[in-house]
Amino acid sequence: MKITGVTIVRNAVLNDFPVVEAITSVLPVVDEMIVSIDKGDDDTDGLIRSIQSPKLKIVYSTWDMTLRKGGRVYALETDKAIDHVSADTDWIFYIQADEVIHEKYHAVIRQTAEKYVSNKRVDGFLFNYLHFYGTYDYVGDSRKWYKDEIRIIRNDRSIRSYKDAQGFRRGEAKLDVVKVAAEVYHYGWVKSPEQMKRKLKNVQRFYHADDQQLEAYLNGPDFFDYNEFDALRKFTGTHPQVIQQRIAARNWQVELDISKKHLSLKDKLLYSYEKLTGKRLFAFKNYRNIIK
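Report follows, based on the coordinates. (Residues numbered from 1 in each chain as written. Predicted model: local features only at pLDDT ≥ 70, side-chain atom pairs only at ≥ 80, totals over all residues. Heavy atoms only, no water.)

## Concerning the overall build of the protein
Scanning the protein for helices and strands turns up 8 helices and 14 strands. Its C-alpha atoms give the protein a radius of gyration of 19 Å, within 12% of the compact-globule value 19 Å for 292 residues. Expressed as lengths along the three principal axes of its C-alpha atoms, the size of the protein is roughly 50 × 45 × 40 Å. Taking contacts inside the protein between residues at least 6 apart in sequence as the whole, the part at least 24 apart equals 79%. Approximately 13900 Å² of the protein is accessible, and the part contributed by carbon and sulfur atoms is 51%. Within the protein, one finds 47 positive and 41 negative side-chain charges whose respective centroids are separated by 6 Å. (Helix = DSSP H or I, 4+ residues; strand = E, 2+ residues; numbered from the N terminus. Rg over C-alpha atoms; globule rule 2.2 N^0.38 Å. Contact = heavy atoms within 4.5 Å. Areas by Shrake-Rupley, 256 points an atom, 1.4 Å probe, with all protein chains shown as cover. Lys, Arg positive; Asp, Glu negative; His and termini not counted. Charge placed at Lys NZ, Arg CZ, Asp CG, Glu CD.)

## Focus on the packing of aromatic side chains
Evaluation of the coordinates by the stated rule reveals 18 aromatic pairs. Look at Tyr-185 and Tyr-187: their rings are 6.5 Å apart centre to centre, the planes differ by 45°, and that puts the pair in the tilted class. Taken as a pair, Tyr-185 and Tyr-187 share a single burial class, namely buried. With centroids separated by 5.8 Å and ring planes inclined at 50°, the aromatic side chains of Trp-189 and Phe-224 adopt a geometry described as tilted. (Phe/Tyr/Trp six-rings, centres within 6.5 Å; stacked < 30°, edge-to-face > 60°. Buried < 20%, exposed > 50% of the residue type's maximum accessible area, 1.4 Å probe, protein only.)

## Quick look at the pairing of strand 6 (residues 124-133)
Buried residues dominate strand 6, accounting for 9 of its 10 residues. Examined bridge by bridge, strand 6 and strand 8 (residues 148-154) share 5 bridges and lie antiparallel to one another. Residue pairing for strand 8: Phe-125 is matched across the bridge by Ile-152. Pairing of strand 6 with strand 12 (residues 176-189) involves 8 bridges; the strand directions are parallel. Directly across from Tyr-129, in strand 12, lies its bridge partner Val-184. (Pairing = 2+ DSSP bridges.)

## Section: the pattern of salt bridges
Applying the stated criterion across every chain yields a total of 21 salt bridges. Among the salt bridges present, the one from Lys-2 reaches Asp-88, with a minimum N-O distance of 3.2 Å. Taken together, the residues span a long stretch of sequence, with Lys-2 in the segment before strand 1 (3-10) and Asp-88 in the loop between helix 3 (72-82) and strand 4 (91-94) at a distance of 86 residues. Note on Lys-2: relative accessible area 18%, which makes it buried. In this structure, Arg-10 and Asp-38 form a salt bridge, with 3.4 Å as the shortest nitrogen-oxygen distance. Of this pair, Arg-10 sits in strand 1 while Asp-38 is found in strand 2 (residues 32-38), placing the two residues 28 residues apart along the sequence. Each member of the pair, Arg-10 together with Asp-38, is buried. One continuous salt-bridge network, built from bridges that share partners, spans Asp-79, Asp-83, Arg-157 and Arg-160. (Salt bridge = Lys/Arg side-chain N within 4 Å of Asp/Glu carboxyl O.)

## As for helix 8 (residues 265-277)
Here helix 8 contains 13 residues, and its C-alpha end-to-end distance of 18 Å stays within 8% of the 18 Å for a straight helix at 1.5 Å per residue. Within the sequence span of helix 8, burial applies to Leu-270, Tyr-271 and Glu-274. Down the axis of helix 8, the smallest arc covering the buried residues is 105°, so these residues share one side. In helix 8, the exposed positions that point more than 90 degrees away from the buried face belong to Leu-265, Leu-269 and Leu-276. One or two steps after helix 8, the chain reaches Gly-278, where phi turns positive at roughly 80°. (Expected span 1.5 Å × (residues − 1). Arc of directions from axis to C-beta.)

## Some words on the sheet that holds strand 11 (residues 173-174)
On the basis of which strands lie adjacent, the open sheet formed by 3 strands has the order 9-10-11 and antiparallel pairing. Both edges of this open sheet fall to strand 9 (160-162) and strand 11, since each of them pairs with a single strand only. Sheet topology places strand 9 next to strand 10 (residues 167-170); 3 bridges connect them, and they run antiparallel. By the bridge assignment for strand 10, Ser-161 is matched with Phe-168. Packing against the sheet, helix 3 makes contact with strand 9 and strand 10, and its axis sits at approximately 165° to strand 9. (Axes fitted to C-alpha atoms, helices over the stretch in contact; angles between N-to-C directions.)

## Focus on the environment of Ile-82
Checked against the element boundaries, Ile-82 lands in helix 3. Using a relative accessible area of 2% as the deciding quantity, one classes Ile-82 as buried. It is 9.8 Å that separates the C-alpha atoms of Ile-82 and Val-35, two residues lying 47 residues apart in sequence. Leaving out residues up to four positions away in the same chain, Ile-82 has contacts with Val-6, Ile-92, Ile-153, Arg-157, Arg-160 and Phe-168.

Written out as structure tokens, the structure reads:
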């Protein structure tokens, strides 16, 4: 069985993406790691080349900055990167530049991939998500944070990235997936308030199709207010080893009153039900879970 890792990256230095940690976190799971780089406006190329691994395969692409509406360029670049995967690969492990896999999950991911490699009903694997917010101490605890998503797909060119590359589909058809007993640690909302705002302004260039709306947003405040959350909880687990150095180097502090829940009445009822039962009612699912 062969697993090939895939990621895309642009302006990782300017946006302070933990992409080195993301790539390093999946290297023990994959047999090859394809990194598609747009050289952009910084030395992302040098950053990626600092990773010392014979598994690393770097390819280059130029992102079409006119494809801004809905973040479509992310999906197109993901598909272009996937097209570099060799035919002898069974599974493609897609990781985004701010997602990290804990080393405690490496074995179970490989085992699950081995278990279903011959079962052609299975299009991919579904991972749970932890969305960190503000600092490494808080995680999103409301319905606004997606609970799970597909991160491993079968090597099948009919499977393509969906919308802004959050997940995958075969045309408009949802994939048939199996849940793997592993989590993705999403660190995209962990930065200083100043760096967070800079990153959001850079990222919004890929979503605003209206030039006037984009200009208004870019001229807005340069400081992100982390107190504008709906529901958070304290993180009590351990972070992956690959992110520990970044955690130790943190030079900001955000104190949040997580006892406050800024939810509508409907969301409060759904929140309470989910906490009581573990089930999220009426949630959007970008997949079909065929084996519980």
